[in-house]
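# Commentary on secondary and tertiary structure
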Amino acid sequence: PDTFVSIPMDPVLIEQVLMNLLENAVFHAHGMRNLWLRVELKNKKAIFFVEDDGCGIPTDRMDHLFTGLLDSETPVDSTRSNMGIGLSVCRTIIKAHGTELKAGNRPEGGAVFSFALEMEEIDDVKASSRLEKLMENKYRSLKEDPQCRLKMLRFGLGRGYSYDEVSKVLETLMKDGKKIQEID
């Protein structure tokens, strides 16, 4: 996205869900050549998709996919077992976030898992002041460092802020009389 997006969530648990879905695709999507993780912003929601172009989900397993009660198949690497338990935990985590984990097959072949999380409304002033506070705390001791501006730019951009937002905050921070050297 071009602007800062805030999603109230437990980032560790959502990361666990995404890692589990990606890992399941690697181990269970027979014939897979491509794996995608993408996020779409629609109607104040961030919709996460994990898609593959493998064998898809058999229709007879679709109703029991999230129960943890699927029969094991011989996994691709012969060391992993049933994916149902992991998916039931993923479903529980997503339900705890007030939404639903969905599964289906792509028309082109392969599986797709998705869930949507509500985004938090943040105005530009609030986002800029939040970034300013983060940067001020992190880089207070680095203001004499000749590469400080570059480090601060990377810091802000790496957290999803736009270049313009980061530049405005840098200008505000430089008003205290200390010059942050510009990097070409």
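Residues numbered from 1 in each chain as written. Predicted model: local features only at pLDDT ≥ 70, side-chain atom pairs only at ≥ 80, totals over all residues. Heavy atoms only, no water.

### Describing the pairing of strand 2 (residues 45-52)
Residues in a regular strand project their side chains so that they alternate between the two faces of the sheet. Keep this limit in mind: Each residue gets one of three labels from its accessible area relative to the maximum for its type: buried under 20%, exposed over 50%, partly exposed in between, using a 1.4 Å probe on protein chains only. A run of DSSP states H or I qualifies as a helix once it reaches four residues; a run of E qualifies as a strand once it reaches two. Both are numbered from the N-terminal end. The criterion for strand pairing is that DSSP finds at least two bridges linking the strands in question.
Of all eight residues that make up strand 2, seven are buried, and the element is covered over most of its length. Sheet analysis places strand 1 (residues 35-42) next to strand 2, joined by eight bridges and oriented antiparallel. From the neighbouring strand, Glu40 faces strand 2, where its bridge partner is Ile47. Counting the residues that bridge the hairpin from strand 1 to strand 2 gives two residues, and of these Asn43 lies at a positive phi of roughly 50°. With seven bridges connecting them, strand 2 and strand 4 (residues 111-118) associate as antiparallel partners. Counterpart to Ala46 in the pairing with strand 4 is Leu117.

### A closer look at the packing of aromatic side chains
The condition that has to hold: A pair of Phe, Tyr and Trp rings is counted when the ring centres sit within 6.5 Å of each other, with Trp represented by its six-membered ring. The angle between the planes then sorts it: under 30 degrees is stacked, over 60 is edge-to-face, the rest tilted.
According to the stated counting rule, one finds two aromatic pairs in the structure shown. Ring centres of Phe48 and Phe115 lie 5.0 Å apart, and the angle between their planes is 10°; on these two criteria the pair is classed as stacked. Pair noted here: Phe48 is in strand 2 and Phe115 is in strand 4, with a separation of 67 residues, a long-range link. Each member of the pair, Phe48 as well as Phe115, carries the same accessibility label: buried. Between the aromatic rings of Phe66 and Phe113, the centroid separation amounts to 6.4 Å while the plane-to-plane angle is 85°, which identifies the pairing as edge-to-face. Of this pair, Phe66 sits in the loop between helix 2 (59-62) and helix 3 (84-96) while Phe113 sits in strand 4, placing them 47 residues apart in sequence. Each member of the pair, Phe66 together with Phe113, is buried.

### Brief notes about the sheet that holds strand 4
Either a parallel or an antiparallel arrangement is found when strands of a sheet pair, and the pairing is made through backbone hydrogen bonds. Spelled out, the test is: Axis definition: a line fitted to C-alpha atoms, limited for helices to the stretch in contact. Angles are taken between N-to-C directions and run from 0 to 180 degrees. Any pair of residues with heavy atoms lying within 4.5 Å of one another is described as a contacting pair.
Read across the sheet, four strands follow the order 1-2-4-3 without closing on themselves; strand pairing throughout is antiparallel. Two strands bound the open sheet, and with one partner strand each, they are strand 1 and strand 3 (102-105). Each strand of the sheet is rotated relative to its neighbour by a mean of 20°, with strand direction disregarded. By the bridge criterion, four bridges tie strand 3 to strand 4 in an arrangement that is antiparallel. In the sheet register, Lys102 faces strand 4, and the bridge partner there is Ser114. Lying on the sheet, helix 1 (residues 11-28) is in contact with strand 1, strand 2 and strand 4; it crosses strand 4 at an angle near 170°.

### Here we look at the confidence of the model for the protein chain
Interpretation of this model should avoid reading the predicted coordinates in detail wherever pLDDT is low. In plain terms, the rule: The pLDDT value expresses, per residue, how confident the predictor is, ranging between 0 and 100.
Confidence in the prediction of the protein chain, expressed as mean pLDDT, is 76, and 65% of residues score 70 or more. The low-confidence segment residues 71-84 (pLDDT under 50) makes 22 contacts with residues lying over four places distant or belonging to another chain. pLDDT under 50 marks residues 177-184. Its contacts with residues more than four places away, or in other chains, come to 14 contacts.

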